[in-house]
Amino acid sequence: MNSSTSPAHSSDEIEGSVQGHRDGHGYLIRDDGQVDIFLPPNEMRAVLHKDRVRVRIVRQDRRGRPEGRVVEIIERPPQPIIGRLLQESGVWLVAPEDKRYGQDVLIPSGALAMAKPGQVVVVELTEPPALFGQPVGRITEVLGEVDDPGMEIEIAVRKYGVPHEFSEACLAEASALPDKVRVQDKRQRVDLTDVPLVTIDGEDARDFDDAVYCEPAKVGRGKGWRLLVAIADVSHYVQTGSAIDIDAYERATSVYFPRRVIPMLPEKLSNGLCSLNPDVERLCMVCDMLVNAKGEVHAYQFYPAVMFSHARMTYTEVAAILANTRGPEAAKRKERVPDLLNLHDVYRALLIARRERGAVDFETTETQIVCDDNGRIEKIVPRTRNDAHKLIEEAMLAANVCSADFIAQGKQHGLYRVHEGPTPEKQDILRNYLKAMAVGMTIGDNPRPAEFQAIAEATKERPDAQQIHTMLLRSMQQAIYTPANSGHFGLAFEAYTHFTSPIRRYPDLLVHRVIRAILGNTKYRLPALPTPGEAHAKLAKRLAARVAPPTAPGEKPRKKETGAALVETQAWEAAGLHCSANERRADEASRDVEAWLKCKYMREHLGEEYSGVVSSATSFGVFVTLDAMYVEGLVHITELGGEYFKFDEARQELRGERSGTRYAIGTRVRVQVSRVDLDGRRIDFRLVTDGEVVSPRSSKDRFGGRGAGKGERHHAAAPEAPASPAVPEHLELEEPEVYRKPGKPSTQKAALLTKAAQAGDGDRPAKGAKGKGRGTRS
């Protein structure tokens, strides 16, 4: 910390959090949301990543960035540091795994906790860094060897602060819950046990949030369908403010890693009592919809029910049945085929409505990491979305829209899933890009989703379609949870929320509680929730600069809240911010683990050549995704050839000034894997030109300069940087008494359905089909 300048007035000093950089410098992430302040390496010597400090701007650096000087350290948050224990010249130290911590931590010989050189450990700081001294700490936990199976997950959950152990109170409360649905649990519920609801998920799914059923129905004067979406009733078992609820709120979401899940709820609930497993009774909350031939939800109602899943089906199985109703898969599920065909029919109608409202629908390639028994990558394969995936997705979207409408009509607080349109800055970048690429279409001053979809449709046959579609996606903002409904831009919904996954998402659980309160003519109030953590604060700063959307033409100005109403709104805002931030935390931890696994995988392929495609262009190089492995790495600008390359921001490409060679998204290249930095989660490629003969690198290069021996450190610089058959007679449901018309306030209470009519011979599928993981939901 340098304080040689004369003191300035406090108004010239800016508070924020330090974000370190692997190259030694750092940034102040300002509390006011303004542009970050650059902190040179000498200013980072006495501070650590995540410290809260006060900074004074002293100059502009060469790149025009404000440069700061640290004048005061306000707070050093308790932050365990994960790293590898090393011994250099008789001195013990821990090299942080997160390179944003720019200094190694000295460990006294009496604070080693039996750790051995090379092992991954958790360190607690006992002395902070100083201008002329390194931080000192003690080892509090030994995680094991760096190559131990699952080590990448152990590191990630601690690195990102993901809660991974349930409290004793939570586990005790969970163990006291019943093992099955009791008689008293069925009171005041609709009995849907005779309705052949089924779950459709991925092969690796283990928790089942949702079940579906569809049958033809008369809607208004025309034909349509009755679509039932039954969702696990977690709110019946997880009471507001209980020990389970507190732990669930802290986690906010389940975190999914290859071969492991850190669930939001204890296993007894997530895989047992709340999971809609086949051949057992389960409590559920049902969204019961009437959908017309245009795919519009004509009416809906919600009610608590008890159900019995008649089958656990997979996307692959359902897609095979829909493709061939006379095939072997259909023969095994003969009783379910008519229902699946009805679901497919309503899906096609919902798809019509999706296109009509102009929802954005880009086809992207998702990948799945397949690991062996030791947790090592066996292969990386594309995850294909078939009609079964899309069928379930559309059914869930419909139920989520009805949930948002129901909460809005009930005039209660709740959490909406809000996706705002592009910011003015991103709009300008996109317009310039579309013009530079001669697309011939652009977006208006107040862009609509239909404009994005129209551009995507018009350019899908162009050679650079992938590049254009990527830019369209990148121009959009991330979705958040908030009590202020401003619609979902990407899906083109005026109101949207998350209702369909309460086992793995806390916002869905809150939505269930609000719906239950509306049905019971009561008001749901949030409990006294724990203080939001670091992730909450981080996102709050990121969203601080967002300006509230202007009042739409003809819309009444919102009344300013005061007193208890304001306090309640602020509590919901805090809950939404917490859930949004921890959703990002989970994503970051998952990406970190995947990056670790991919780096370890690619260490076995150093020196090998692959074809790939440029997935991103930057001022310091291009990122290339390999065709065969779906792994991304960086080709640094110095590896592009012996000429000067300039980054064209409008076209999002690098262009050689002498040759005119261009590298943009979608450009095909051939590369050699040149370096893998496991600690930095980086893979470096080298461009291979036509006719060039390359040789494999040495074993030292193969390991990216780190890890040749336990506790021994090497340094390696890394650049920054169908025709349907006749349908047999289906199971008829009794007509509901009252449906709620979407978007029109109703003075009538949403009525419950009477018991479903008995039909068929009552046979149930054989027991024993157990599921695994989780499918993809929107």
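Quick caveat, the model's predicted, so the values are computed rather than measured. (Residues numbered from 1 in each chain as written. Predicted model: local features only at pLDDT ≥ 70, side-chain atom pairs only at ≥ 80, totals over all residues. Heavy atoms only, no water.)

**Let's talk about the overall build of the chain**
Line of reasoning, step 1. Broken down by element type, the chain carries 16 helices and 32 strands.
Line of reasoning, step 2. With 778 residues in all, the chain has 53% of them scored as buried.
Line of reasoning, step 3. Accessible surface, the chain: about 36100 Å² in total, of which carbon and sulfur atoms supply 50%. (Helix = DSSP H or I, 4+ residues; strand = E, 2+ residues; numbered from the N terminus. Buried < 20%, exposed > 50% of the residue type's maximum accessible area, 1.4 Å probe, protein only. Areas by Shrake-Rupley, 256 points an atom, 1.4 Å probe, with all protein chains shown as cover.)

**Some remarks on the packing of aromatic side chains**
Two numbers describe a pair of aromatic rings. These are the distance of the centres and the angle of the planes.
Line of reasoning, step 1. Across all of its chains, the model carries 11 aromatic pairs by this definition.
Line of reasoning, step 2. Residues Y249 and Y506 carry aromatic rings whose centres are separated by 5.4 Å and whose planes lie at 75° to one another, so their mutual orientation is edge-to-face. Here Y249 is found in helix α4 (residues 243-251), whereas its partner Y506 is found in helix α13 (residues 506-519), with 257 residues between them in sequence. Y506 carries the same exposure label as Y249, and that label is buried. (Phe/Tyr/Trp six-rings, centres within 6.5 Å; stacked < 30°, edge-to-face > 60°.)

**Things to note about helix α1 (residues 151-159)**
Line of reasoning, step 1. Most of α1 sits out of view: eight of its nine residues are buried.
Line of reasoning, step 2. When α1 is considered as a whole, its buried residues turn out to be M151, E152, I153, I155, A156, V157, R158 and K159.
Line of reasoning, step 3. Looking at the buried residues of α1, the elements they touch are β6 (81-88), β9 (119-127), β10 (136-145), β16 (255-257), β17 (260-262) and α15 (563-603).
Line of reasoning, step 4. Positive phi appears at G161, one or two residues downstream of α1, with a value of about 70°. (Contact = heavy atoms within 4.5 Å.)

**Brief notes about the pairing of β6**
Line of reasoning, step 1. Burial analysis of β6 places six of its eight residues in the buried class, which makes it a mostly covered element.
Line of reasoning, step 2. With four bridges connecting them, β6 and β9 associate as antiparallel partners. Bridge assignment links G83 to a residue of β9, and that residue is V121.
Line of reasoning, step 3. Relative to strand β7 (residues 91-96), β6 runs antiparallel, the two sharing six bridges. Opposite L86, over in β7, you have L93 as the bridge partner. (Pairing = 2+ DSSP bridges.)

**A word on the sheet that holds strand β28 (residues 645-648)**
Line of reasoning, step 1. Reading across from one edge, β28-β29-β30 is the order of the three strands in this open sheet, with antiparallel pairing throughout. Either end of the sheet is taken by a strand with one partner, and the two such strands are β28 and β30 (662-664). With direction set aside, neighbouring strand axes in the sheet form an average angle of 20°.
Line of reasoning, step 2. Sheet topology note: the β28/strand β29 (residues 653-656) ladder contains four bridges and is antiparallel. Each bridged residue has a counterpart across the sheet, and for F647 the counterpart in β29 is L654. (Axes fitted to C-alpha atoms, helices over the stretch in contact; angles between N-to-C directions.)

**What to know about the confidence of the model for the chain**
Line of reasoning, step 1. Overall, the prediction assigns the chain a mean pLDDT of 83, with 83% of residues at 70 or greater.
Line of reasoning, step 2. Counting contacts from residues 693-737, a segment whose pLDDT is below 50, to residues more than four positions away or on other chains yields 109 contacts. (pLDDT = per-residue confidence, 0-100.)

**Some points on unusual backbone geometry**
Line of reasoning, step 1. Phi at S89 takes a positive value of approximately 55°, unusual for a residue other than glycine.
Line of reasoning, step 2. Secondary-structure assignment places S89 in the loop between β6 and β7.

**Observations regarding the side chain of R251**
Line of reasoning, step 1. Of note, R251 is situated in helix α4.
Line of reasoning, step 2. D247 provides the closest opposite charge to the buried, salt-bridge-free R251, at an N-O distance of 5.3 Å.
Line of reasoning, step 3. Of the polar contacts made by the side chain of R251, one reaches the backbone oxygen of E165; its length is 3.4 Å.
Line of reasoning, step 4. Here P263 takes part through its backbone oxygen, which lies 2.7 Å from a polar atom of the side chain of R251.
Line of reasoning, step 5. Sequence-distant contacts of R251, that is, excluding residues within four places in its chain, are made with P163, H164, E165, F166, I262, P263, M264, N582 and R585. (Lys, Arg positive; Asp, Glu negative; His and termini not counted. Salt bridge = Lys/Arg side-chain N within 4 Å of Asp/Glu carboxyl O. Polar contact = N/O pair within 3.5 Å; in protein donor to acceptor, adjacent residues only side chain to side chain.)

**Comments concerning the environment of V94**
Line of reasoning, step 1. By the element assignment, V94 lies in strand β7.
Line of reasoning, step 2. Considered as a pair, V94 and G137 are 43 residues apart in the sequence and their alpha carbons are 8.9 Å apart.
Line of reasoning, step 3. When neighbours within four sequence positions are excluded, V94 is seen to be in contact with G83, R84, L85, D104, V105, I107, V121 and V123.

**A closer look at the packing of helix α10 (residues 424-436) against helix α12 (residues 465-474)**
Line of reasoning, step 1. At a minimum axis separation of 10 Å, α10 and α12 run at an interaxial angle of 165°. With respect to α12, the axis of α10 lies roughly antiparallel. When you trace α10 past α12, the crossing you get is left-handed. Touching K426, I429, L430, Y433 and L434 of α10 are Q467, I468, M471, L472 and R474, all from α12.
Line of reasoning, step 2. Across the contact of α10 with α12, the residue classes tally to seven nonpolar, one polar and two charged. (Parallel < 35°, antiparallel > 145°, perpendicular 65-115°, else oblique. Left-handed = near helix turned anticlockwise from the far one by under 90°. Nonpolar A, V, L, I, M, F, W, Y, C, P; charged D, E, K, R; others polar.)

**Some points on the pattern of salt bridges**
Line of reasoning, step 1. Applying the stated criterion across every chain, the model contains 51 salt bridges.
Line of reasoning, step 2. Salt-bridge contacts for E394 lead to R354; the nearest nitrogen and oxygen are separated by 2.6 Å. On the criterion of sequence distance, the pair formed by E394 in helix α9 (residues 387-409) and R354 in helix α8 (residues 337-357) is long-range, its members being 40 residues apart.
Line of reasoning, step 3. The exposure class of E394 is buried, given its relative accessible area of 6%.
Line of reasoning, step 4. In this structure, R670 and E609 form a salt bridge, with 3.1 Å as the shortest nitrogen-oxygen distance. Residue R670 is found in strand β31 (residues 668-677), and its partner E609 is found in strand β25 (residues 609-618); the two are separated by 61 residues along the sequence.
Line of reasoning, step 5. Since its relative accessible area comes to 36%, R670 is described here as partly exposed.
Line of reasoning, step 6. With relative accessibility at 27%, the residue E609 sits in the partly exposed group.
Line of reasoning, step 7. It is possible to trace a salt-bridge network through shared partners that takes in E13, E15, D31, R52, R54, R56 and E72.

**Remarks on the pairing of strand β4 (residues 52-60)**
Line of reasoning, step 1. Two elements, strand β1 (residues 13-20) and β4, share five bridges in a ladder whose sense is antiparallel. By the bridge assignment for β4, G16 is matched with V53.
Line of reasoning, step 2. Connecting β4 to the antiparallel partner strand β5 (residues 66-75) that follows it, the hairpin turn spans five residues, and G64 within it adopts a positive phi of roughly 80°.

**Focus: the environment of E152**
Line of reasoning, step 1. Turning to its location among the elements, E152 is positioned in helix α1.
Line of reasoning, step 2. Put simply, E152 and E594 are 442 residues apart on the chain and 8.7 Å apart in space, counted from C-alpha to C-alpha.
Line of reasoning, step 3. Leaving out residues up to four positions away in the same chain, E152 has contacts with V593, W596 and L597.

**Focus on the sheet that holds β25**
Line of reasoning, step 1. If you trace the five strands once around the closed barrel, you get β25-β26-β27-β32-β31, paired in mixed fashion. Averaged over all neighbouring strand pairs, the angle between strand axes comes to 50°, with direction disregarded.
Line of reasoning, step 2. Taken together, the five bridges between β25 and β31 define a ladder with antiparallel strand orientation. Within the sheet, the bridge partner assigned to G612 lies in β31 and is V669.

**What to know about the packing of α9 against α13**
Line of reasoning, step 1. Contact geometry for α9 and α13: axes closest at 10 Å, N-to-C directions at 50°. With respect to their mutual orientation, α9 and α13 come out oblique. Seen from above, α9 lies across α13 with left-handed handedness. When α9 is examined against α13, the residues S403, F406 and I407 are found in contact with a partner set consisting of V511, V514, I515, I518 and L519.
Line of reasoning, step 2. Looking at the contact of α9 with α13 residue by residue, the classes come out as seven nonpolar, one polar and no charged.

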